[in-house]
Number of protein chains: 2
Amino acid sequence: MKFVVIGGDAAGMSAASRAKRNNPDLDVTVLEKTMDVSYSACGMPYNIADPERKIEDLVVRQAHVFREKQDINLLTGHCVESIDTANMTVSGTSLHGNTFKFLYDKLLIATGGSPIIPDVEGFDLPGVMALKSLDDGRKIKAYIQFNNVKKVVIIGMGYIALEMCETLRARSIDVDMVKPRTVFLPWMEKELADVVKKEVELNNVNIYLEHQVEKIEGRDRKLHVICSDLSLETDMVLVAIGIKPNSELAARAGLDLGIKNAIAVNKKLQTSNKNIYAAGDCTDAYHVVTGEKAWIPLALRANRAGWAVADNICGKDAKLSGVAGTAVFKVFDLEVARTGLTVGEAKKFGFEPVKVVIKSRSRAHAHPGASTIHVQMVGDTKTGRLLGTQMVGKEGVAHRINAVAVALHNQMTVKDYCQTDLAYAPPFGPTWDPTLTAANQLLKKI
Amino acid sequence: MKFVVIGGDAAGMSAASRAKRNNPDLDVTVLEKTMDVSYSACGMPYNIADPERKIEDLVVRQAHVFREKQDINLLTGHCVESIDTANMTVSGTSLHGNTFKFLYDKLLIATGGSPIIPDVEGFDLPGVMALKSLDDGRKIKAYIQFNNVKKVVIIGMGYIALEMCETLRARSIDVDMVKPRTVFLPWMEKELADVVKKEVELNNVNIYLEHQVEKIEGRDRKLHVICSDLSLETDMVLVAIGIKPNSELAARAGLDLGIKNAIAVNKKLQTSNKNIYAAGDCTDAYHVVTGEKAWIPLALRANRAGWAVADNICGKDAKLSGVAGTAVFKVFDLEVARTGLTVGEAKKFGFEPVKVVIKSRSRAHAHPGASTIHVQMVGDTKTGRLLGTQMVGKEGVAHRINAVAVALHNQMTVKDYCQTDLAYAPPFGPTWDPTLTAANQLLKKI
């Protein structure tokens, strides 16, 4: 059987490797349009922060290992341009200009996502960069180095924008952040978002909310980010306003797209064509809280979906239950985490949400070195279910969110979560874990 | 209604406070035999580590606050000696030598636990100490200070022994640890236990396994801990071989005792007499994995049980589902955590357990500062259920265990746990959380 994979990062290489482990006789071909495979994309901000490290340190497994040790026909620099579902072939052109065509029995589309670049004047100027692929990271790192960048304007204020903000400050680069929306971190309650905003400002980053970038101009070896009442001079611009799924190839092949134009897949990761699977940032997923489709492109899901595809094409029955929307990021000295729904999201899906916002401590009463942990927790008054949690603090946030994530997978009620036996020792938290304190408070409203 | 509480620490004061919040008209009396109430007992090792801090820093709420602000009739120095269930009274003697008797409508026994002191020659010598009550902590701290203690022998190697070992080394006191059993941390696989043992030894603590203490002798202002082939000279001995439930009062009143002589309670915390409740370290609990009774005396359960008693006597219906046996402790630079069952425990309860022991990392591939996280995970081949997990590492262990604890409350299978959407960012772990890597490996054996 011929298994062809389009895209050689998290989902694609996970699938290819596992398929070969499942069935060493399988004929596995991976077509990757760039020259990079199997790298830790999420590690790029931390790599860029350190001028001494090569971007290639992020490569988890080298292409030749896949080829020689795992017997995978891995072709880099191979851009797939079309899928012929009737004849079960994929075709394209290599970086060397050669056309290629491969027959498949089972196909996996793992084309990932791309940064959204607005169709606005000046976004195509040299020095206006975005960060998604390893090559993006390589270019940004080289640009900073060779142009002696002293100032960056970041457009957008999401995870990547905030992580890169820390990266750039670590390299003593001045940073301004700008976005059109009025609210900083709109998925958090103001009290929590303000803690993050303050931390960013404390690190001498200027935050400009409610500023729509109208154009970027280049003159005198500087870039100028122009808003209606603001002009920011800079050496480099980082565009970090979000990503979109790379689903055009799938759409042209007639496959169904779903939410936010991601490729629609069932729990077995099959697209609307049963011989074509899709996995990773280009696909949607079921949300375990709502039961509905969601598009939340994150690394763990990509890896897991890659594995599930490999199992399914090898005759095992692998169904993924879905995502809880669990995410964490670090920004300067803060850990910021979330899982499940916000109040706004819960309303959209027909819940009748209530929330609490509480403060707790990262260590026990009277234990030295404790800091504040802010917890926001959302529950449903109709069913009593726990719907989501957001947290901010200097320590003890990143892994604490996982207890709530597991609760969401089990559709636990707030009342039942209140009963969970969580670990306690003075260096690690109060007797009542901060998520339990939040749940105890929330229970009073349900 | 008269609500009388015997014991004024975690369970007792939680119950008294919440009962008054539930019903301000309630007549609440707390009888505490020592002069201390409402303190963070678990914080004692960390307080003793710092000669500058007073042991009273650990008091969470002062006695006068309970009396004046919460209108609780809190009587310290009141030792209850008997319960008359027919006449519904408790009687005893105060530290001033006065006898007292109180009528109750509802009674709570929250008498806690006591350190086990073997009936062996010399264990009653001055300088042979144990740590459970705040007064124990006060005495140990004073003894170290006033006797210029340079060397301590700790008998026992459990949580408190190990925490105190760190405490004493922080004060530059030499430490020997001794116990009769052959295995260090018997509830962990050897691979994990060895990591902890090595850490303790690295901090210049001598560990003597397989040494039964035959007697302690005092001569020339020194203590001598004598085993058959070993004699350890020391300034102080800490006896930390475990605790036992303070259930004698309950037993004399004819109440049923359960596992390990703890007071048997139902999910509403009622003893075999429906007007008498018990909570905290003196009582048993249902284990959420086995469904059977267990005696795992820990702080969170005590607080939670205190609240549940208050709710039940105030006419709410509060049932506690049980404990998962979740615990964490810090020893030098290591975090050590567990939840659920070990292989040995699982066998005793009729499971057919299999386990994996894996190594993972505390941060992502190529992220600086990563250290090893060791995970042991136990599952049941009959039902596929996840039964327990133990972890050791320098960071990222303490809160990570909670995700598994919540899974145990939901009786999740290993397969379902493998699907949970846990948080990922490079500073906080690999894409696959260490507990997921363990579960993925374990799934192959189930």
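Summary of the structure given here.

About the thresholds
Along each chain, the written sequence defines residue order, and numbers are assigned to residues from 1. Chain A is the first chain written and ligand 1 is the first ligand written, with later ones labelled in order. With the structure being a predicted model, the display of local features is reserved for residues of pLDDT at least 70 and the display and counting of side-chain atom pairs for 80 or more, all residues being used for whole-chain, interface and lining totals. The side-chain numbers reported here are obtained from all heavy atoms of the structure, hydrogens and water having been left aside. Runs of H or I in DSSP of at least four residues are treated as helices and runs of E of at least two as strands, each being numbered from the N terminus. In this setup the radius of gyration rests on C-alpha atoms only. A globule is expected at 2.2 Å times the number of residues raised to 0.38. Only protein chains enter the accessibility calculation, which uses a 1.4 Å probe; a residue is then buried when its area is under 20% of its type maximum, exposed when over 50%, and partly exposed in between. Any two residues whose heavy atoms approach within 4.5 Å at even a single point are treated as in contact. Positive charge is attributed to Lys and Arg, negative charge to Asp and Glu, and no charge count is given to His or to the chain ends. Lysine's charge is taken at NZ, arginine's at CZ, aspartate's at CG and glutamate's at CD. Stacked, edge-to-face and tilted are the three classes for Phe, Tyr and Trp ring pairs, Trp counted by its six-membered ring, which pair at centre distances within 6.5 Å; planes under 30 degrees apart are stacked, over 60 edge-to-face, the rest tilted. Note on geometry: a ring has a charge over it if NZ (lysine) or CZ (arginine) is within 6 Å of the ring centre and within 35 degrees of the ring normal. One requirement defines pairing of two strands: DSSP has to find at least two bridges between them. Simply put, an axis is a line fit to the C-alpha atoms, just over the touching stretch for a helix, and the angle between two N-to-C directions goes from 0 to 180 degrees. Summed over both partners, the accessible area lost on bringing two parts together, with a 1.4 Å probe, is the buried area. Here a salt bridge means any side-chain nitrogen of Lys or Arg lying within 4 Å of a carboxyl oxygen belonging to Asp or Glu. Think of a polar contact as two N or O atoms within 3.5 Å of one another; within protein, one of them needs to be a possible hydrogen donor and the other a possible acceptor, and neighboring residues in sequence only count if both atoms come from side chains. Residue classes follow a fixed rule: Ala, Val, Leu, Ile, Met, Phe, Trp, Tyr, Cys and Pro count as nonpolar, while Asp, Glu, Lys and Arg count as charged, and any other residue, Gly among them, counts as polar. Cysteine sulfur atoms are paired as a disulfide whenever they come within 2.5 Å of each other. Crossings are assigned a handedness: left-handed for a near helix turned anticlockwise from the far helix by less than a right angle, right-handed for a clockwise turn.

Side note on the overall build of chain A
For step 1, the next point in the chain: For chain A, the count of helices and strands is 12 helices and 25 strands.
For step 2, the next point in the chain: For a compact globule of 446 residues, the expected C-alpha radius of gyration is about 22 Å, and chain A comes in at 23 Å, within 12% of that figure.
For step 3, the next point in the chain: Each of the 446 residues in chain A was classed as buried or not, and the buried ones make up 59%.
For step 4, the next point in the chain: Put simply, of all contacts in chain A between residues at least 6 apart along the chain, 63% involve residues at least 24 apart.
For step 5, the next point in the chain: Placing the 55 positive and 51 negative side-chain charges of chain A at their respective mean positions leaves the two points 4 Å apart.

A look at the packing of aromatic side chains
For step 1, the next point in the chain: All told, the structure shown has 8 aromatic pairs over all chains when counted by the stated rule.
For step 2, the next point in the chain: Summarising the aromatic geometry, the rings of A:Y159 and A:W187 are spaced 6.3 Å apart at their centres and angled 85° between planes, so their arrangement reads as edge-to-face. Separated by 28 residues along the polypeptide, A:Y159 in helix α5 (residues 159–170) and A:W187 in the loop between β11 (174–178) and α6 (190–202) bring together distant segments of the chain.
For step 3, the next point in the chain: Since its relative accessible area comes to 16%, A:W187 is described here as buried.
For step 4, the next point in the chain: Geometrically, the ring pair formed by B:F100 and B:F102 is tilted, given 5.9 Å between the ring centres and 55° between the ring planes.
For step 5, the next point in the chain: Since its relative accessible area comes to 11%, B:F100 is described here as buried.
For step 6, the next point in the chain: Members of the aromatic cluster, each reached through a chain of ring pairs, are A:Y159, A:W187 and A:F329.
For step 7, the next point in the chain: Sitting over the ring of A:Y286, A:K293 keeps its end group 5.0 Å from the ring centre.

Focus: the sheet that holds strand β11 (residues 174–178) of chain B
Residue and element names in this part refer to chain B.
For step 1, the next point in the chain: Spatially, 5 strands are ordered β9-β16-β10-β11-β12 in an open sheet, and the strand pairing comes out parallel. The open sheet is flanked by β9 (128–129) and β12 (205–208), the only strands paired with a single partner.
For step 2, the next point in the chain: Sheet topology note: the β9/strand β16 (residues 236–239) ladder contains 2 bridges and is parallel. Across the sheet, V128 pairs through a bridge with V237, a residue of β16.
For step 3, the next point in the chain: In the packing of helix α4 (residues 134–146) onto the sheet, contacts are made with β9 and β16, and the angle to β16 comes to roughly 160°.
For step 4, the next point in the chain: Along the sheet face, helix α6 (residues 190–202) touches β11 and β12 and points at about 135° away from the line of β12.

Side note on the interface of chain A and chain B
For step 1, the next point in the chain: Chain A puts 61 residues into the contact, and the matching count from chain B is 61 residues.
For step 2, the next point in the chain: The largest contributions to the chain A side of the interface with chain B come from A:H399, A:D421 and A:F428, which together make up 15% of the buried area.
For step 3, the next point in the chain: Where chain A touches chain B, the interface holds 0 salt bridges.
For step 4, the next point in the chain: Inspection of the chain A/chain B interface yields 30 residue pairs in polar contact (both at pLDDT 80 or more).
For step 5, the next point in the chain: Mapped onto the side of chain A that touches chain B, the elements with two or more residues apiece are α8 (299–313), β21 (327–331), α10 (401–409), α11 (414–418) and α12 (434–443) of chain A.
For step 6, the next point in the chain: Taken together, the residues of the side of chain A that touches chain B break down into 34 nonpolar, 18 polar and 9 charged.

Description of the pattern of salt bridges
All names here are of chain A.
For step 1, the next point in the chain: On inspection of all chains with the given rule, the structure shows 50 salt bridges over all chains.
For step 2, the next point in the chain: The shortest N-O distance in the salt bridge between K394 and E199 comes to 3.7 Å. Here K394, found in the loop between β25 (386–393) and α10, pairs with E199, found in helix α6; they are 195 residues apart in sequence, far enough to count as distant.
For step 3, the next point in the chain: Three or more residues joined by partner-sharing salt bridges are found here, namely D36, E56, D135, R138 and K139.

A short note on the environment of A:D71
Residue and element names in this part refer to chain A.
For step 1, the next point in the chain: Relative to the elements of secondary structure, D71 occurs in the loop between α3 (63–68) and β3 (73–76).
For step 2, the next point in the chain: Looking at D71, the relative accessible area reads 52%, which means it is exposed.
For step 3, the next point in the chain: When the C-alpha atoms of D71 and K20 are compared, they prove to be 7.9 Å apart, with 51 residues separating the residues in sequence.
For step 4, the next point in the chain: When neighbours within four sequence positions are excluded, D71 is seen to be in contact with K20 and F66.

Focus: the state of the cysteines
For step 1, the next point in the chain: Per the counting criterion, the structure on display carries 0 disulfides over all chains.
For step 2, the next point in the chain: Free of any disulfide, A:C314 has its nearest neighbouring cysteine sulfur in B:C418, separated by 18 Å.

A word on the pairing of strand β15 (residues 230–234) of chain B
Residue and element names in this part refer to chain B.
For step 1, the next point in the chain: Residues L230, L232 and T234 of β15 are buried on one face, while the alternating residues S231 and E233, pointing to the opposite face, are not.
For step 2, the next point in the chain: Pairing of strand β14 (residues 222–227) with β15 involves 5 bridges; the strand directions are antiparallel. Along β15, the bridge assignment pairs L223 with T234.
For step 3, the next point in the chain: Count of turn residues in the β14/β15 antiparallel hairpin: 2 residues.

Some words on the packing of helix α1 (residues 10–22) of chain B against helix α8 (residues 299–313) of chain B
Residues and elements named next belong to chain B.
For step 1, the next point in the chain: The interhelical angle for the contact between α1 and α8, taken along N-to-C directions, is 35°, at an axis separation of 7 Å. Considering the relative orientation of α1 and α8, their crossing is right-handed. Side by side, α1 and α8 meet where A10, A11, S14, A15, R18, A19, R21 and N22 of the first sit next to A302, N303, G306, W307, A310, D311 and I313 of the second.
For step 2, the next point in the chain: Along the lines of polarity and charge, the residues of the contact of α1 with α8 split into 8 nonpolar, 4 polar and 3 charged.

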